[in-house]
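Analysis of the macromolecular model
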Amino acid sequence: MKHLLTPKQVAQAIGVSESSLKRWCDRGALSMVRTAGGHRRLSLDDVVAFLRQSGHQIVRPELLGLPPARGQSPATIDRGREMVRQALLAGEDAQCRRIVLDLYLAGTSVCEIGDQVLAGAFHDIGDAWECGDISIYRERRGCEIAIHALHDLSGALPQPPLDAPRAIGGTLESDPYQLPTLMVELALREAGWQATSLGTLLPALTLMDALRENKPRLLWLSVSSIPDVETFLADFAALHAAATEQGTAVVVGGRALSEELRRQMSYSAYCDTLRHMVSFAQSLRQPA
Ligand code: B12
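Everything in this summary refers to the structure shown in the same document. Quick caveat: nothing in here was measured; it's all calculated off a predicted structure.

1. Re the overall build of the chain
Of regular secondary structure, the chain possesses twelve helices and eight strands. Relative to a compact globule of 288 residues, whose C-alpha radius of gyration would be 19 Å, the chain shows 21 Å and is just as compact. If one aligns the C-alpha atoms of the chain with their principal axes, the spans along those axes are about 65 × 50 × 30 Å. Looking at the chain as a whole, 38% of its 288 residues are labelled buried.

Listed below in structure tokens is the structure:
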């Protein structure tokens, strides 16, 4: 169930009077529900949608259960990427979550946050690690922080309509990379899909169970690591056959899918960014 906020909490969080807030609700500018007793209640995702549209700032984020404001908000995506990189490396959890949320509130899409800010920051961190410039624990801690930031974003995204098409996905056995599949879930949710990441390290057989039981319109697979190419290709071929049989489109992406490997695979779409995947997913929803 969604966590609901009172008008007083929201008014204090954005620094306006409770009566202004109630007026916006009554005018329909801000969605709300009424309790059985007739009291107004607001959901966080509706409040966030209003803030993105109206340009109002959050002055007391903690009242909405969001990370506290600290320092400056990034003005551009490039600046955001640099600030996120620094916060990840320094282990500044609240700062990083706040930057990501501020970018979203300022109108940056989940795709841009995923493709450019977070992936960009992690590519820099990976390069620094490879050169021996940073200790491994900083990278691991950075991943934990990024997961927290993505969970905040998840709470701020609008709920997809009940009749939205379903999408599921994850990574296969031996692929422990958590961030990309989580980002795919959020990018699809922002595009109005009921998307669920099933997580990482999934045996192909359990993904086939999930396909059968959920009958999604789309299955995604994120592929960052392939320890054994033959096993991967066999697992993937079985999964693709099961998906095709029931009319599920298969989208693949991830740094381990080299051109040579892709020539040996069949799929509905290969996308190297979240943005490409969202365009493809939109095309599935257009009437033919
Ligand atoms: C964090 C990390 C790890 C963590 C991950 C932890 C976790 N909880 O997820 C762990 C500890 C598992 C790890 C381990 C290793 N890692 Co590592 N890791 C990274 C690092 C720093 C970030 C990865 C990440 O999450 N990036 C953020 C994501 C979002 O970016 P992305 O993967 O590029 O995804 C984007 C696109 O590819 C695309 N995408 C991805 N999937 C999908 C799916 C779909 C459907 C779509 C549409 C799009 C899409 O969209 C995303 C957003 O744009 C990278 C550096 C890098 N360049 O990424 C190294 C990196 C991948 N690791 C590397 C190495 C060497 C290793 C180890 C071998 C280290 C070791 N000696 O143990 C092991 C191997 C583990 C294994 N089994 O494979 C190397 C790989 C080098 C190579 N030639 O392949 C890299 C590149 C670091 C480097 N520069 O050397 N690693």
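Additional details are given in the paragraphs that follow.
2. What to know about the environment of aspartate 152
Considering the arrangement of structural elements, one finds aspartate 152 in helix H7 (residues 136-156). It is 8.8 Å that separates the C-alpha atoms of aspartate 152 and valine 100, two residues lying 52 residues apart in sequence. If we skip the residues at most four places from it in the chain, aspartate 152 touches Leu66, Pro67, Arg97, Val100 and Leu101.

3. Section: the packing of helix H6 (residues 110-130) against helix H8 (residues 179-190)
Packing of H6 against H8 leaves a shortest axis separation of 8 Å and a crossing angle of 155°. Comparing their axes, H8 and H6 come out roughly antiparallel. Residues Val110, Cys111, Gly114 and Leu118 of H6 touch H8, and the partners they reach there are Leu179, Met183, Leu186, Ala187 and Glu190. Looking at the contact of H6 with H8 residue by residue, the classes come out as seven nonpolar, one polar and one charged.

4. A closer look at the environment of glutamate 190
One can find glutamate 190 in helix H8. A sequence separation of 32 residues divides glutamate 190 from proline 158, and the C-alpha atoms of the two residues are 7.1 Å apart. With near-sequence residues (within four places) excluded, glutamate 190 lies in contact with Ser109, Val110 and Leu157.

The rules behind each value
- Residues numbered from 1 in each chain as written.
- Predicted model: local features only at pLDDT ≥ 70, side-chain atom pairs only at ≥ 80, totals over all residues.
- Helix = DSSP H or I, 4+ residues; strand = E, 2+ residues; numbered from the N terminus.
- Rg over C-alpha atoms; globule rule 2.2 N^0.38 Å.
- Buried ≥ 20, exposed ≤ 12 C-beta atoms within 10 Å, placed from the backbone.
- Contact = placed C-beta atoms within 7 Å.
- Axes fitted to C-alpha atoms, helices over the stretch in contact; angles between N-to-C directions.
- Parallel < 35°, antiparallel > 145°, perpendicular 65-115°, else oblique.
- Nonpolar A, V, L, I, M, F, W, Y, C, P; charged D, E, K, R; others polar.

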